[in-house]
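# Secondary and tertiary structure notes
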Amino acid sequence: MAEDKSGDMSERGDRRGERHCDDRGVETGGRVVADQSVIYPVDSVPPLHLTILFGLQQALMTVGGTLSLPFILASLFCPENESQVRAQLLSITMFMCGLATILQCLLGVRLPIIQGGSHTFVAPIVAMLTLEQFRCPTHMDRFHGNDSVLIPWERRMREVQGNLILASVTQVVVGGLGLVGLILRFVGPLTIAPTISLIGLSLTHVVSDFCDKQWGISLLTLALLFLFSNIINKVQLPVPAFSMQRKCHMTKLPIFQLFPVVLAIAVVWLFSFILTESGAFPTNSTDPAYKARTDSRINILYESSWFQFPLPLPFGMPTFSAAGYMGMLAATLSSIFESVGDYFAAARFSEAQNPPAHAINRGIAIEGVCSIISGVMGAGHATTSYSGNIGIIGITKIGSRVVFVTAGAMLVFFGVLGKVGAVLALIPDPIVGGTLLLGLGMVASIGIAVLQYCELFSTRNITIIGVSFLTGLMIPQWLAENGDIVKTGTEHERGIKRWIEVQNPASKSDDSRVYSSPPLTRLLERVGCCRYCPVSPTFKTGKLQRDSKVDKPCTDLKEVKSTHM
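Quantities reported herein were computed from a predicted structural model and do not represent experimental measurements.

Secondary structure summary: the protein chain contains 24 helices and 4 strands in total. Here the protein chain holds 565 residues, and 47% of them are scored as buried. Considering only intrachain contacts with a sequence separation of at least 6, the fraction spanning at least 24 residues in the protein chain is 75%. Put simply, the protein chain shows about 28000 Å² of open surface, and 63% of that area lies on carbon and sulfur atoms.

Printed below as a string of structure tokens:
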């Protein structure tokens, strides 16, 4: 039984180093809190038993938001055994979410922030895999034995890994050089408010994708969350506790205020199980309401292994391309601006000071480092801050950094022990949607709350706010609906194909000496790894880097085989 640190404080109220409790019986680490103030601020350390439960609450939200990524990526890579690949990617994803969360909370911006898989990178991955050399084979391709598309699925993953790593290196450079911090000198409430609010509003399609499976279950989850966190949040329930002075005894805690997400998920999950067993939900997997069943993803439980520790480069050496890098870079830049807004939102919810420039620079750099690790580990996606988990701070009033580090450790544990993570992955989509409804709604509202520092009677300020919100919602929608209008020209029109033909002739030319030193080139040719270094004269592009076929510049078959070992 855990030690009680929220017992009778009246006997020690006048001593030095006293620990105060609020009117709900919760220790506040010496702070006198108002009714709506955060219970555990950033630097506070809750009792061990509460820390574990608070961490589990955040971990549950992360698993629900990240779960769709392994499913999407596994289908895009077209593996022969998709279920096995999906289970492997799920394990790697949860492991990386936990590792990135720990690093961000301890070394990065040091605010209570959960790092999860970024869905922003799905779009460039889809675009990359539609290229002819990476597209999935059709039945006719398999029938005719079309070798150009009948490639191992790992080759597609390696292309994603390589370009993700390159884009993440760029993010590390942006954070390390302090470029984001320089911009922040000109950033005020008029900039931060629309940025934070639009983060929540721009994710409405993600929430609707979860909720439209079964709106009744989603709204029930939302109603319970609102009930627990806003109506009966002051109700204190007796729980067993232990302290050195009072030994085993009973104390009272505001359970509904501290654990609204865990309680809401547990109640609705049980209710969904009853409806599933009674046949209320359809059994046809093509029906959207099928996702409301508690057994809709039961195969994950059987496919996942008991123990699976992710290792670097599980799918081989990553490959790179300019087009893939540019797509990943665009997603990376979008993730950077979103994360800056999340940092300010996390500071507001946890009642901390606005993050200084050095903390934001460090946070962006650590996100880049974690995304590099994610690419090396084969997750297939970058990691970024999760806005939904930040919104949960506003509901639970728990902003302790230790709690989020604990949640990160749990996610690492879930990734290593596949069966445990698979059980949490069984949470139906509509339940996740209900929690995101309130969480992202809190993020949107906290952005509006930032406007209290502005003079809202100023015509200039009102104009800036209105235009910022309108364009922030309008431009992405217009681009999504009119993608064909924005055209950059064909490769032939831009001369790319002819340029490549000129720059890469079929036969060797003595002009190549202009760009390399022959003595140095001969020395580097003896070091096999140098052909993967983009600044090395021996750097190989084309087929040698992508598949195992012999290319023309190699004259010794034995040498070619040795370089592919």
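Once that is clear, we can look at the UniProt feature "transmembrane region" (unreviewed entry) in the protein chain. Mapped onto this numbering, the UniProt entry annotates "transmembrane region" (unreviewed entry) at residues 59-77, 89-109, 164-187, 215-232, 253-275, 315-337, 402-425 and 431-450. Spanning residues 89-109, this segment combines 86% helix with 0% strand, and its end C-alpha atoms are found 27 Å apart.

Here we come to the confidence of the model for the protein chain. On average, residues of the protein chain score 75 in pLDDT, and 76% of them are at 70 or above. Of all secondary-structure elements in the protein chain, the lowest mean pLDDT belongs to helix α23 (residues 543-546), at 38, while helix α17 (residues 401-416) reaches the highest, 91. Counted against residues more than four places away or in other chains, residues 541-565, with its pLDDT under 50, gives 21 contacts.

Tracing the backbone through its elements, the reader meets Q57 in helix α1 (residues 48-66). You can call Q57 buried: its relative accessible area is 2%. Side-chain polar atoms of Q57 contact the backbone nitrogen of V261, separated by 3.0 Å. Leaving out residues up to four positions away in the same chain, Q57 has contacts with L258, F259, P260, V261, V262 and T396.

Since the α-helix turns once every 3.6 residues, residues separated by three or four places project in the same direction. The terminal C-alpha atoms of helix α8 (residues 189-202) lie 19 Å apart, and with 14 residues this matches the ideal 20 Å at 1.5 Å per residue to within 8%. When we look at burial in α8, the residues that qualify are L190, I192, A193, P194, I196, S197, L198, I199 and G200. On its buried side, α8 packs onto α9 (204-211), α14 (322-349), α16 (387-396), α19 (429-449) and α20 (459-481).

In this section: a nonpolar patch on the surface. A grouping of V169, V173, L177, L179 and L182 is seen on the molecular surface, where their side chains present a nonpolar patch of about 430 Å² in accessible area. Sorting the residues of the nonpolar patch by element identifies α6 (153-176) and α7 (179-184) as the ones contributing at least two each. Structurally, the position occupied by L177 is in the loop between α6 and α7. On the basis of relative accessibility, which here comes to 60%, the residue L177 falls in the exposed class.

With 21 residues, α19 extends 30 Å between its outermost C-alpha atoms, agreeing within 8% with the 30 Å of an ideal straight helix rising 1.5 Å per residue. Counting buried residues in α19 gives 15 out of 21 residues, a clear majority hidden from the surface.

Another aspect to go through is the pairing of strand β2 (residues 237-243). Relative to strand β3 (residues 247-253), β2 runs antiparallel, the two sharing 7 bridges. The residue of β3 that forms the bridge with V239 is T251. Between the antiparallel neighbours β2 and β3 lie 3 residues.

Packed helix pairs are specified by the crossing angle of their axes together with the interaxial distance, meaning the distance between the axes. Running from amino to carboxyl end, α14 crosses α16 at an angle of 10 degrees, the nearest separation of the two axes being 9 Å. Comparing their axes, α16 and α14 come out roughly parallel. The two elements α14 and α16 meet at a crossing, and its hand is left-handed. Contact residues: α14 offers E338, D342, A345, A346 and F349, while α16 offers S387, I390, G391, I393 and G394. In the contact of α14 with α16, the residues fall into 5 nonpolar, 3 polar and 2 charged.

Quick look at unusual backbone geometry now. Its identity as a non-glycine residue notwithstanding, R110 has a phi of 65 degrees, on the positive side. Looking at the secondary structure, you find R110 in the loop between α3 (82-106) and β1 (115-117). With a phi close to 65 degrees, K397 is a non-glycine residue in the positive phi region. With respect to the helices and strands, K397 occurs in the loop between α16 and α17. Look at K397 and you get buried, because its relative accessible area is 15%.

Where α9 contacts α19, the axes come no closer than 7 Å and their chain directions differ by 150 degrees. Relative to α19, α9 is oriented roughly antiparallel. Crossing geometry of α9 relative to α19 is assigned as left-handed. When α9 is examined against α19, the residues V207, F210 and C211 are found in contact with a partner set consisting of D429, P430, V432, G433, G434, L436, L437 and L440. A per-class count over the contact of α9 with α19 returns 8 nonpolar, 2 polar and 1 charged.

The next thing to look at is the pattern of salt bridges. Tallied over the full model, the rule gives 3 salt bridges. Across the pair D43 and R401 runs a salt bridge, and its minimum N-O distance is 3.1 Å. One end of the pair, D43, is in the segment before α1; the other, R401, is in helix α17, and 358 residues separate them in sequence. Two residues, R293 and D295, come together in a salt bridge whose shortest N-O distance is 2.9 Å.

As a rule of thumb, nonpolar side chains are buried together in soluble globular proteins. One finds F54, L111 and I360 to be the most contacted residues of the largest nonpolar core, which totals 42 residues. When residues of this core are assigned to their parent elements, the largest contribution, 8 residues, is made by α14. Not counting chain neighbours up to four residues away, the residues in contact with L111 comprise V42, C105, Y343, A346, A347, S350, A352 and P355. Counting residues in each nonpolar core, the second largest holds 37 residues, with L60, L275, I427 and I431 among its members.

Cut-offs and rules
Residues numbered from 1 in each chain as written. Predicted model: local features only at pLDDT ≥ 70, side-chain atom pairs only at ≥ 80, totals over all residues. Heavy atoms only, no water. Helix = DSSP H or I, 4+ residues; strand = E, 2+ residues; numbered from the N terminus. Buried < 20%, exposed > 50% of the residue type's maximum accessible area, 1.4 Å probe, protein only. Contact = heavy atoms within 4.5 Å. Areas by Shrake-Rupley, 256 points an atom, 1.4 Å probe, with all protein chains shown as cover. UniProt positions renumbered as here; feature names shortened; annotations may be inferred. pLDDT = per-residue confidence, 0-100. Polar contact = N/O pair within 3.5 Å; in protein donor to acceptor, adjacent residues only side chain to side chain. Expected span 1.5 Å × (residues − 1). Patch = residues over 30% accessible without salt bridge, like charges linked within 9 Å, V, L, I, M, F, W, Y side chains within 5 Å. Salt bridge = Lys/Arg side-chain N within 4 Å of Asp/Glu carboxyl O. Pairing = 2+ DSSP bridges. Axes fitted to C-alpha atoms, helices over the stretch in contact; angles between N-to-C directions. Parallel < 35°, antiparallel > 145°, perpendicular 65-115°, else oblique. Left-handed = near helix turned anticlockwise from the far one by under 90°. Nonpolar A, V, L, I, M, F, W, Y, C, P; charged D, E, K, R; others polar. Core = buried A, V, L, I, M, F, W, Y, C linked by side-chain atoms within 4.5 Å.

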